[in-house]
Amino acid sequence: MKHPLPAQPAHIGILRLSALGDVCNLVPTVRALQRQWPTARITWIIGKTEHSLLAGLSGVEFVVYDKATGLAGMRELWRQLAQTRFDVLLHMQQALRASVLLMGLKSDVRVGYDKARAKDWQHWFTHRQLAVHERAHVLESFMDFARLLGVDDTRLEWGLPIPDAARAEAQRVSGDGDYVVISPCANPRLRNFRNWSAQGYATLIEHLWTQHGLKSVLTGGGSAQEREMGERIRALAVAESVIDAIGASSLKGLLALIDQARLAVAPDSGPVHMANALGTPTVGLYATTNPDRAAPYCWREHVVDRYSEAVRRYLHKDPATIPWGQRVRHPDAMALIRAEDVIARVDQVLALPRSTETLEPRDAV
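All figures in this text were calculated on a predicted structure; none of them were measured in a lab. (Residues numbered from 1 in each chain as written. Predicted model: local features only at pLDDT ≥ 70, side-chain atom pairs only at ≥ 80, totals over all residues. Heavy atoms only, no water.)

1. Some points on the pattern of salt bridges
- Applying the stated criterion to the full structure yields 22 salt bridges.
- Arg 16 is the partner of Asp 22 in a salt bridge, and the nearest nitrogen-oxygen pair spans 2.8 Å.
- The exposure class assigned to Asp 22 is partly exposed, which follows from its relative accessible area of 21%.
- We note a salt bridge from Arg 155 to Asp 153, for which the minimum N-O separation is 2.6 Å.
- Salt bridges sharing common partners tie together Arg 306, Glu 309, Arg 313, Arg 338, Glu 340 and Asp 341. (Salt bridge = Lys/Arg side-chain N within 4 Å of Asp/Glu carboxyl O. Buried < 20%, exposed > 50% of the residue type's maximum accessible area, 1.4 Å probe, protein only.)

Pasting the structure below:
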């Protein structure tokens, strides 16, 4: 017998800890739930870094779990929520650690992914699973949770909060005049291989400066890999064409920088999804990740896409036969992206009217 879903939930729990791009893609689902049940209490259990990005999101109570605290941090969170019982708890993190965390929380019904999309045996930890949705974009997979609960209005809405202090921080970094945000590095995890070349970015920066009169602001975290990439790009570019702000802004400051930018360019990483959420024109660079699943949702048509070519060359497989979302973990895959391809996309996007946005959800291909 299936656990019944609440018709009028008074308290909705969301468990999604990471990552930056994913939590941005989840916000439209939160907004859809708020439109359906405006008086419902929504509590989102979220990671520490991700909370610093979304803090202040209207109508949402955040409970922060720092993954570095391990089991001790879980116990503390369970104590914090010991008197809380959710009418429905949406388990949106496909990881065993999150499922363990879930087991210490009280809820009438736990909802998770269908077996095809679940990872780390997630479906063993939930009472109800989503309907099958083949070849779904990440944003659509999140929205499937709202659909299962009976939400029909799935218009896309974000409303990410950017405090005045963050805007002042961004102004100090960018100075006056129009600019493009370039976030050259994805998360520096082992075998990530999502980064394009320093020479490619330098060629793009020269084009933006000479043909459009636009400075490029480099952004990113403070890791050694990211700082080294910034130094290499800066060494190849004309000095006045680039501002190296890698490691120099908070996440809220990065949001403010992206919000005021003419354009954002990055590989599959948090900044392309932040830009998408803010309505900033976005060009994503994709060869190791399937853009049909993980491109900036409203700007999918403007992605530089070499994923299928990378699958054929480095996995020696037909893209139609591999598991949905499989990554191409090869260090040369991003080299399939040519500077002229990126420049052509950038020119197309910069030529669009400033108000051009695509905010209606589309079926995943």
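2. Overview of the side chain of Thr 126
- By the element assignment, Thr 126 lies in the loop between strand 7 (110-112) and strand 8 (128-129).
- Among the polar contacts made by the side chain of Thr 126, one reaches the side chain of Gln 129 at a distance of 2.8 Å. (Helix = DSSP H or I, 4+ residues; strand = E, 2+ residues; numbered from the N terminus. Polar contact = N/O pair within 3.5 Å; in protein donor to acceptor, adjacent residues only side chain to side chain.)

3. Quick notes on a nonpolar patch on the surface
- Together, Leu 96, Val 100, Trp 121 and Trp 124 line one region of the surface with nonpolar side chains, adding up to about 440 Å² of accessible area.
- For Trp 124, the position within the fold is in the loop between strand 7 and strand 8.
- Taking the relative accessible area as the measure of exposure, Trp 124 reaches 62% and is therefore exposed. (Patch = residues over 30% accessible without salt bridge, like charges linked within 9 Å, V, L, I, M, F, W, Y side chains within 5 Å. Areas by Shrake-Rupley, 256 points an atom, 1.4 Å probe, with all protein chains shown as cover.)

4. Examining the sheet that holds strand 13 (residues 282-286)
- Here 6 strands make up an open sheet; going across it, the order is 11-10-9-12-13-14 and the pairing parallel. Across the chains shown, the open sheet's two edge strands, defined by having one partner strand only, are strand 11 (242-244) and strand 14 (304-305).
- Relative to strand 10 (residues 215-218), strand 9 (residues 179-182) is paired through 4 bridges, and the arrangement is parallel. If you follow Tyr 179 over to strand 10, its bridge partner there is Lys 215.
- Helix 7 (residues 198-212) rests against strand 9, strand 10, strand 11, strand 12 (263-267) and strand 13 of the sheet, and its axis sits at about 170 degrees to strand 9.
- Lying on the sheet, helix 8 (residues 224-236) is in contact with strand 10 and strand 11; it crosses strand 11 at an angle near 155 degrees. (Pairing = 2+ DSSP bridges. Contact = heavy atoms within 4.5 Å. Axes fitted to C-alpha atoms, helices over the stretch in contact; angles between N-to-C directions.)

5. With respect to the pairing of strand 10
- Looking at chain direction, strand 10 and strand 11 are connected through 3 bridges and run parallel. Within strand 11, the residue paired with Val 217 across the bridge is Ile 243.
- Each parallel crossover has a hand, and the one from strand 10 via helix 8 to strand 11 is right-handed. (Right-handed = clockwise from strand over helix to strand, strands pointing away.)

6. Some details on the sheet that holds strand 8
- Read from one edge of the open sheet, 6 strands run 3-2-1-5-7-8, paired in parallel fashion. Where the open sheet ends on each side, the last strands, each with one partner, are strand 3 (60-65) and strand 8.
- Pairing analysis gives 4 bridges linking strand 1 (residues 11-15) to strand 5 (residues 88-91), with the strands arranged parallel. By the bridge assignment for strand 5, Ile 14 is matched with Leu 90.
- Seen against the sheet, helix 1 (residues 20-36) touches strand 1, strand 2 (41-47), strand 3 and strand 5 and runs at an angle of roughly 170 degrees to strand 2.

7. Description of the packing of aromatic side chains
- In the structure shown here, the tally under the stated rule is 4 aromatic pairs.
- Judged by centre distance (5.1 Å) and plane angle (85 degrees), the ring pair of Tyr 113 and Phe 145 falls under edge-to-face. In this pair, Tyr 113 is assigned in the loop between strand 7 and strand 8 and Phe 145 in helix 5 (residues 138-148), connecting sequence segments 32 residues apart. The two residues Tyr 113 and Phe 145 agree in class, both being buried. (Phe/Tyr/Trp six-rings, centres within 6.5 Å; stacked < 30°, edge-to-face > 60°.)

8. Details of the pairing of strand 3
- Pairing geometry for strand 2 and strand 3, over 6 bridges, is parallel. Across the sheet, Ile 46 pairs through a bridge with Val 64, a residue of strand 3.
- Traced from strand 2 through helix 2 (residues 48-54) to strand 3, the parallel crossover comes out right-handed.

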